[in-house]
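Working through the structure, step by step
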Amino acid sequence: AGALLSLGALRIGGHDILVPGLWQTVLPGSSDLVATSLQHAALYKMYFPAQSLMKTLKVLPVMLIGTCLQNRTYSRLDYVEGFLLSCLVAFFVWDFQFQMEMEREEHSSLK
């Protein structure tokens, strides 16, 4: 509904809907669509603390897309820090999920 409203507003304002170079927005738009879809699919299977921490893992893809589009430059140290941060968060979330499963199994075996 919002897209239709925007198209109507552009039409009423006398602006062009399709402009030259619009196709260049496909790469960032599609990567965002895929990332958002995967993120929402994963959120249904995770605990809230893990959900919050997993948002940190978007650092490396954002850096890589910025480099590919040539509108950002990062040093090797930035990439190392992003990779290290991603690894530590992934381990923490994995350990958190593992501990929660162990506690759930312990609790169910006590009954």
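Every chain is numbered independently, its residues counted from 1 as its sequence is written. Per-residue local features are limited, in this predicted model, to residues with pLDDT of at least 70; the limit for side-chain atom pairs, both in listing and counting, is 80 or more; totals at the level of whole chains, interfaces and linings are taken over all residues. In computing side-chain values, all of the structure's heavy atoms are included and hydrogens and water are not.

Moving on: the overall build of the protein chain. For the protein chain, the count of helices and strands is 5 helices and 0 strands. In sequence order, the protein chain lays out its α and β elements as α-α-α-α-α. Only C-alpha atoms enter the radius of gyration, while the globule expectation follows 2.2 Å times N to the 0.38, with N the number of residues. Taken over C-alpha atoms, the radius of gyration comes to 21 Å for the protein chain, far larger than the 13 Å a tight globule of 111 residues would show. Expressed as lengths along the three principal axes of its C-alpha atoms, the size of the protein chain is roughly 70 × 40 × 15 Å. The buried label applies to any residue whose accessible area, calculated with a 1.4 Å probe on protein chains only, is under 20% of its type's maximum; exposed applies above 50%, and partly exposed to all values in between. Sorting the 111 residues of the protein chain into buried and exposed places 9% on the buried side. Throughout, a contact is declared for two residues whenever any of their heavy atoms are within 4.5 Å. Of all intrachain contacts in the protein chain linking residues separated by at least 6 positions in sequence, the fraction that spans at least 24 positions is 59%. For accessible areas, the Shrake-Rupley method is used with a probe of radius 1.4 Å. Any residue's cover is judged against the shown protein chains and nothing else. Total accessible area computed for the protein chain in this model is approximately 9300 Å², and 68% of it derives from carbon and sulfur atoms. Counting rule applied: Lys, Arg positive; Asp, Glu negative; His and chain ends not counted. All charge positions are set by atom: Lys at NZ, Arg at CZ, Asp at CG, Glu at CD. One way to put it: in the protein chain the 8 positive side-chain charges average out to a point 9 Å from where the 9 negative ones average out. Elements are defined by DSSP. Helices are runs of H or I of four residues or more, strands are runs of E of two residues or more, and each kind is numbered from the N terminus.

This paragraph deals with a nonpolar patch on the surface. Residues enter patches when they are more than 30% accessible in relative terms and free of salt bridges; like-charged ones are connected within 9 Å and nonpolar ones (Val, Leu, Ile, Met, Phe, Trp, Tyr) within 5 Å. The working definition used for a salt bridge is a side-chain nitrogen of Lys or Arg within 4 Å of a carboxyl oxygen of Asp or Glu. Together, Leu-4, Leu-7, Leu-10, Ile-17, Leu-18, Val-19 and Leu-22 line one region of the surface with nonpolar side chains, adding up to about 610 Å² of accessible area. Positionally, Val-19 belongs in the loop between α1 (2-12) and α2 (26-43).

For the rest of this paragraph, the subject is unusual backbone geometry. We note that Gln-70 has phi near 60 degrees; this positive angle belongs to a residue other than glycine. Inspection of the secondary structure puts Gln-70 in the loop between α4 (59-68) and α5 (76-110). Given the relative accessible area of 72%, Gln-70 is considered exposed.

Moving on, we come to the packing of aromatic side chains. To pair, rings of Phe, Tyr and Trp, with the six-membered ring standing in for Trp, must have centres within 6.5 Å; the planes then decide the type, stacked if under 30 degrees apart, edge-to-face if over 60, and tilted in the middle. For the structure shown, the criterion picks out 1 aromatic pair. The interplanar angle of 75 degrees and the centroid separation of 5.9 Å between the aromatic rings of Tyr-74 and Tyr-79 together place this pair among those described as edge-to-face. By relative accessible area, which is 30% here, Tyr-74 ends up partly exposed. Residue classification places Tyr-79 among the partly exposed positions, given a relative accessible area of 24%.

On to the side chain of Ser-86. Note on placement: Ser-86 falls in helix α5. A residue is classified by how much of its surface remains accessible, and Ser-86, at 9% relative accessible area, is buried. Beyond its immediate stretch of four places on either side in the chain, Ser-86 contacts Leu-57 and Leu-60.

Segments scoring low in pLDDT should not have their predicted coordinates read at a detailed level. Predictor confidence is given residue by residue as pLDDT, running from a minimum of 0 to a maximum of 100. For the protein chain, the mean per-residue pLDDT works out to 83, and 98% of the residues sit at or above 70. Across the protein chain, element-level confidence peaks in α1 with a mean pLDDT of 89 and bottoms out in helix α3 (residues 48-54) with 73.

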